[in-house]
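Each chain is listed here by its residues.
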Amino acid sequence: MTERHLQPLLHDLAGVVHAPTSALGDAAGQLRPHGVQGVFHADARVLSRAELRLDDREPEAIGRGAAGPHGARFVALARWLGDPTPDPTVRVERTRQAAARGLTEEIVVTSTAAEPLRTTVTVDLACDLAPIEQVKSGRAAVPLKAKTGEPGRVQWTADGLVVTVTGDGATVDAAGERAAGPRLSWPVTVAPGTCVTLRWQLTVTDPRAVVTAAPPGAGWAEPQVDADDRRLLRLLDRSLADLRGLRLTEPAHPEDVFLGAGVPWFLTLFGRDSLWAARMMLPLGTELAAGTLRVLARRQGTTIDPATGEQPGKILHELRRHEFTLDDRLRLPPVYYGTVDATMLWVGLLHDAWRWGLPADQIEPLLPHLEAALRWLDEHADADGDGFVEYVDSTGHGLANQGWKDSGDAVRFRDGRLAAPPIVLAEVQGYAYQAATNGADLLDAFGRPGADRWRDYAGRLAERFRAAFWVDGRHGPQPALALDRDKRPVDSLTSNIGHLLGTGLLSDAESNQVAALLSTDAMAGGFGLRTMSTDDAGFSPLSYHCGSIWAHDTAIVLAGLARSGHRAAALLLADGLLSAAEAFDYRLPELYGGDDRETLGRPVPYPAACRPQAWSAAAAVLLLQAGLGVYPDVPNSRVELRPLAGAELGALSAANLRIAGAPVTVTVDHTGHPTLTNLPRTLHVTAIPTPRTSSETPLPRP
């Protein structure tokens, strides 16, 4: 029988991150030589083993927790040592801290025994320098032989990478069979009532790195938040700590910071992920948005290259050190442009950052890139000339699906059949509409020509969408997920349609119907918004894109619902997201199972989900914004307040948000009444419209 290589599970591993370095170990703190455990530096595993023992025995783990934004602490017992009493007298604490170019670990052995304790502490190491895609595919790697030199030091070298481990005061055994598994050793004596502290460090030298650590500092304002729902406070604290660990830059441009997508598979520049995360973070300032926009603008496509998917004006999908090869069916070049939506999301981020107060002198250098992105929308995004934005992988070894749901089976009909490419995704048409109207606003504001053309484009696209996408579903009229090769509507009910809210593509009546569809038990009966309805044949609660729940997807949709006045639907999703956060110790994973809430009373983990992950963590800030209901339009000198907080969500306040670069405070009381203080004098608060319900205007059946 052919051996199956399975992607390793990581849902129960303990991670630390200070991009581009991350580490994943088990609940005891051990880094064991199997699965996805180890220390990673960008796209390579630089340490595949770090197992702690006392007298060749593993201590018994009893607890773990965070140790700052980049660290974790593990507590264990050595019950075979010390006094022969029911109470343990020898405790071992292991504190791991990720750093930009490696990792440090501190081991503290504490004894309350009556007599001096003598033991030998060891750490067994290994390094395989396996590329991340080899680890992701579940294929084993052979440990490299180590080199020794200075006392307490061991080193591995390959492919330009130099990995060095130094144990302070340790002896190193790397002779013979231990060349591929060197051991650090410390003989120690611990007096009664005292402790002994040991340390070792990992350092990575990577001259060929395509991404590197960001300069110190968060890069955004730190909000002071108070909330009746304490889950939101804990989620924000954990999420902002994780986001600090995901900050990256390019080596040649350390001033432009962006967020790496997630640990461990995607800790690099991803167009879509980095753009969405920066967009969600705008309430804390425009600096991250500006850096992300500039990084992606520098790599904006300039030529047509079918091998990489590059086209003039197109924004890239991902950046790697080398070709990313999972199997014969997926081989992605180091700079890959296989994304249908990143270009439009780039325009959306530029527009939204402008609305939050990004200064004109930072926008103007990006206007040629805006015009190039709009030209891509006109000249390359619609290959067959039908007026819709579509995609197809022409290489046979790229991503078959190029929207955010990019797994091979993501686009399914209601009966479970796969749709044939080229694919026209519903939400992508919404992004295109919004990019055209947002682009037109920017062109007008900065005196550039072409705005009327793009508004006409948007109007025609809305008419085509209305005629082609609406189908009759189980719960009434619904937008299809997509159109297939033959322009047939792919009639499954999915979360994609929630991304249409707020783009302008839908009428008020259509938005009401979409809100009603997303509020059904089939879509919202889990801990958030399911990616696919339980009524569809393709649904599976642990399918990557056909039934699971993604934190960022839920947050984007609930934010759209909240802003468009669909309060009950937004609150339903907000509670699901906060309940999931509580279950995952407030570190929201990339995705989790779409089971009903009653199945286990808590969300089922998706076992290969990234955690932490940029847009999942940034979802906490988007939830905060929706709760406060603050929507600035600095170019037009106004700020709209439409809070979700109030009677159901409770009172909520946040100080040190940023509007036009100024620190402001937004407070919503228990009745839902908002106040905004410290707003710059040039801005004023607009009246709060009365929220609509989801059933004002019935939608005709298609």
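These figures come from a predicted structure and were not determined experimentally.

**Things to note about the overall build of the protein**
Of the regular secondary structure elements, the protein holds 15 helices and 37 strands. Compactness check: the protein gives a C-alpha radius of gyration of 26 Å against a globular reference of 27 Å for 702 residues, within 12% of the reference. Dimensions of the protein, computed from the C-alpha atoms along their principal axes, are close to 80 × 55 × 50 Å. Relative to its 702 residues, the protein shows a buried fraction of 61%. Taking the intrachain contacts of the protein between residues at least 6 apart in sequence as the baseline, contacts between residues at least 24 apart amount to 65%.

**Considering the side chain of Thr164**
Structurally, the position occupied by Thr164 is in strand S13 (residues 161-167). Among the polar contacts listed, one links the side chain of Thr164 to the side chain of Gln155, at a separation of 2.8 Å. The contacts of Thr164, once residues within four sequence positions are left out, are Arg153, Val154, Gln155, Gln201, Leu202 and Thr203.

**Structural notes on empty space enclosed by the protein**
Inspection of the entire model under this criterion finds 6 cavities of 30 Å³ or more. Size it by volume and the largest cavity reaches roughly 70 Å³. Contributing to the lining of the largest cavity are Ala28, Gln30, Leu52, Glu58, Pro59, Phe74, Ala76, Val92 and Arg94. For the lining of the largest cavity, the secondary-structure elements that each account for two or more residues are strand S7 (71-77) and strand S8 (90-99). For the lining of the largest cavity, the residue count by class is 6 nonpolar, 1 polar and 2 charged.

**What to know about helix H7 (residues 367-379)**
Compared with the 18 Å implied by 1.5 Å per residue over 13 residues, the 18 Å span of H7 between its first and last C-alpha is a close match. For H7, every residue scored as buried is listed here: Leu367, Leu370, Glu371, Ala372, Ala373, Leu374, Trp376 and Leu377. In this structure, the buried side of H7 is in contact with helix H5 (342-356), helix H6 (360-363), helix H8 (426-445) and helix H9 (451-468).

**Examining the sheet that holds strand S18 (residues 224-227)**
Pairing is antiparallel in the open sheet, where 4 strands are placed in the order S18-S34-S35-S36. Each edge of the sheet is formed by a strand with only one pairing partner; in this case those strands are S18 and strand S36 (674-677). Here the average twist between neighbouring strands, direction ignored, is 20 degrees. Summarising the sheet, S18 and strand S34 (residues 652-659) pair through 4 bridges and their orientation is antiparallel. If you follow Gln224 over to S34, its bridge partner there is Ala655. Of the strands in this sheet, S18 and S34 are in contact with helix H2 (residues 230-245), which crosses S18 at around 155 degrees.

**Focus: the pattern of salt bridges**
Summed over the entire model, instances satisfying the criterion amount to 56 salt bridges. For the salt bridge of Arg417 with Asp415, the shortest nitrogen-to-oxygen distance reads 2.8 Å. The residue Arg455 makes a salt bridge to Asp452 at a minimum N-O spacing of 3.8 Å. Placement of both Arg455 and Asp452 in helix H9 is noted, with a separation of 3 residues, approximately one turn of the helix. For Asp452, a relative accessible area of 57% corresponds to the exposed category. When salt bridges with common partners are traced through the structure, they connect Asp26, Arg32, Arg49, Glu51, Arg53, Asp56, Glu58, Asp124, Asp173, Arg178 and Arg183 into a single cluster.

**Section: the packing of helix H12 (residues 551-563) against helix H15 (residues 614-628)**
Interhelical geometry of H12 versus H15 gives an angle of 15 degrees and a closest axis separation of 8 Å. Our classification of the angle between H12 and H15 gives roughly parallel. Relative to H15, the crossing made by H12 is left-handed. Only Trp615, Ser616, Ala619, Leu622, Leu623 and Ala626 of H15 make contact with H12, whose side of the interface consists of Ala551, His552, Ala555, Ile556, Leu558, Ala559 and Ala562.

Cut-offs used in this document
- Residues numbered from 1 in each chain as written.
- Predicted model: local features only at pLDDT ≥ 70, side-chain atom pairs only at ≥ 80, totals over all residues.
- Heavy atoms only, no water.
- Helix = DSSP H or I, 4+ residues; strand = E, 2+ residues; numbered from the N terminus.
- Rg over C-alpha atoms; globule rule 2.2 N^0.38 Å.
- Buried < 20%, exposed > 50% of the residue type's maximum accessible area, 1.4 Å probe, protein only.
- Contact = heavy atoms within 4.5 Å.
- Polar contact = N/O pair within 3.5 Å; in protein donor to acceptor, adjacent residues only side chain to side chain.
- 1 Å grid on protein atoms, 1.4 Å probe; cavity = no way out; pocket = protein on both sides within 12 Å on 5 of 7 lines; lining within 4 Å.
- Points joined across faces, edges and corners; volume = space filled by probe spheres on them.
- Nonpolar A, V, L, I, M, F, W, Y, C, P; charged D, E, K, R; others polar.
- Expected span 1.5 Å × (residues − 1).
- Pairing = 2+ DSSP bridges.
- Axes fitted to C-alpha atoms, helices over the stretch in contact; angles between N-to-C directions.
- Salt bridge = Lys/Arg side-chain N within 4 Å of Asp/Glu carboxyl O.
- Parallel < 35°, antiparallel > 145°, perpendicular 65-115°, else oblique.
- Left-handed = near helix turned anticlockwise from the far one by under 90°.

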